[in-house]
Amino acid sequence: MISIVNAALLTLLATVTVAIVRQRSLFGVVILAGAYSFLMASLLIALDAVDVAMTEASVGAGISTVVLLATLHLTRTREAPVRRHNLVALLLSVVVGGALVLGTLALPPFGAADAVIHHHVAPHYLANSVRETGVANVVTSVLADYRGYDTLGETTVIFTAGIGVMLLLRSFRGRRRARDDEDGAQ
Amino acid sequence: MFAAAAIAVLLALALAVIRAIKGPTVFDRALAGNSIGSLAIILLAVVGFLTGRPEFLDIGLTYGLLNLIGTLAVLKFFRHGDLAHDPDTERQS
């Protein structure tokens with residue numbers, strides 16, 4: 001039954017992706033991207049990755065919608081028409097996509113218990129995380145303790161990127177307000 | 001029983017996706033996007049019971065809040081053309 005749910009959700013995802021590429025109204029693209037995120041979150045739940053689904057829903061459907069709408073405010077809301085089709089780009093996309101699909105064939109099957117990744121440090125975490133870190137949730141102990149420096153680095157990158165975006169948008173708004181004042185003076 | 005419910009939810013999801021793609025007006029798309037968010041919550045619950053582990057029902061609350069924020073942002077942008085709308089400036093102009 002779960003495989004039927006997966007197949008249906010994947011079909012819907014593919015349909016929405018094609019629609020996003022073909023859609024010219026960028027406002028419609030924003031709404032379709034939000035729908036894509038909710039479908040993707042549902043698929044991740046069907047695949048038993050609840051924490052990733054939660055991140056996908058909050059980042060994809062929540063923050064991204066708001067940020068994309070704020071961007072639409074600064075740009076035009078219709079995509080420029082495509083003059084001529086770029087065959088080289090299409091060929092490159094197909095080749096890269098095919099190579100990626102080829103790469104997945106060598107991966108261990110979904111949910112396999114004897115996969116390499118489950119025999120490296122995971123048994124140690126499962127056996128000792130409560131004693132070593134005092135955190136009951138193993139995922140949290142890995143993210144915030146065993147890989148604490150890694151998480152600190154990621155947070156620093158996201159914080160810096162946020163500051164950069166805020167500075168850019170601020171200068172944008174200041175310039176436009178100055179232009180409006182000039183128009184008003186004339 | 002839950003399998004039938006899952007199939008019904010997936011069909012409703014497909015209909016909402018078709019409406020979101022076809023449009024034709026922004027309101028059709030906004031409503032379809034909102035419905036997709038609500039159906040995702042129901043699908044989360046149904047899949048949880050289908051696999052016999054309904055521990056993730058709480059996440060549906062988060063989805064509901066996100067869905068509300070997204071729809072509000074879209075509608076506010078459509079009404080005012082801006083997210084940080086100041087009602088005083090509109091009255092002056």
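Let me begin by describing the structure that accompanies this report. (Residues numbered from 1 in each chain as written. Chains lettered and ligands numbered in written order. Predicted model: local features only at pLDDT ≥ 70, side-chain atom pairs only at ≥ 80, totals over all residues. Heavy atoms only, no water.)

Description of the overall build of chain B
Along chain B, the regular secondary structure elements total 4 helices and 0 strands. Listed by position from the N terminus, the elements making up chain B come as α-α-α-α. Here chain B holds 93 residues, and 33% of them are scored as buried. Summarising the internal contacts of chain B: among those between residues at least 6 apart in sequence, 45% fall at separations of at least 24. If you sum the accessible surface of chain B, you get close to 5,300 Å²; carbon and sulfur atoms cover 68% of it. (Helix = DSSP H or I, 4+ residues; strand = E, 2+ residues; numbered from the N terminus. Buried < 20%, exposed > 50% of the residue type's maximum accessible area, 1.4 Å probe, protein only. Contact = heavy atoms within 4.5 Å. Areas by Shrake-Rupley, 256 points an atom, 1.4 Å probe, with all protein chains shown as cover.)

Remarks on the packing of helix α1 (residues 2–22) of chain B against helix α2 (residues 26–50) of chain B
Residue and element names in this part refer to chain B. One way to put it is that α1 packs onto α2 with a least axis distance of 9 Å and a crossing angle of 160 degrees. Relative to α2, the element α1 is oriented roughly antiparallel. Here α1 and α2 pass one another in a crossing that is left-handed. In the contact of α1 with α2, the residues fall into 20 nonpolar, 1 polar and 4 charged. (Axes fitted to C-alpha atoms, helices over the stretch in contact; angles between N-to-C directions. Parallel < 35°, antiparallel > 145°, perpendicular 65-115°, else oblique. Left-handed = near helix turned anticlockwise from the far one by under 90°. Nonpolar A, V, L, I, M, F, W, Y, C, P; charged D, E, K, R; others polar.)

Some details on the environment of Val 17 of chain B
In this fold, Val 17 of chain B is placed in helix α1. Classification of Val 17 of chain B by relative accessible area gives buried; the value is 2%. As for Val 17 of chain B and Ala 45 of chain B, which are separated by 28 residues in sequence, their C-alpha atoms are 20 Å apart. Apart from residues lying up to four places away in sequence, Val 17 of chain B is in contact with Leu 12, Val 16 and Leu 39 of chain A together with Ile 36 of chain B.

What is shown is where atoms sit, not what they do.
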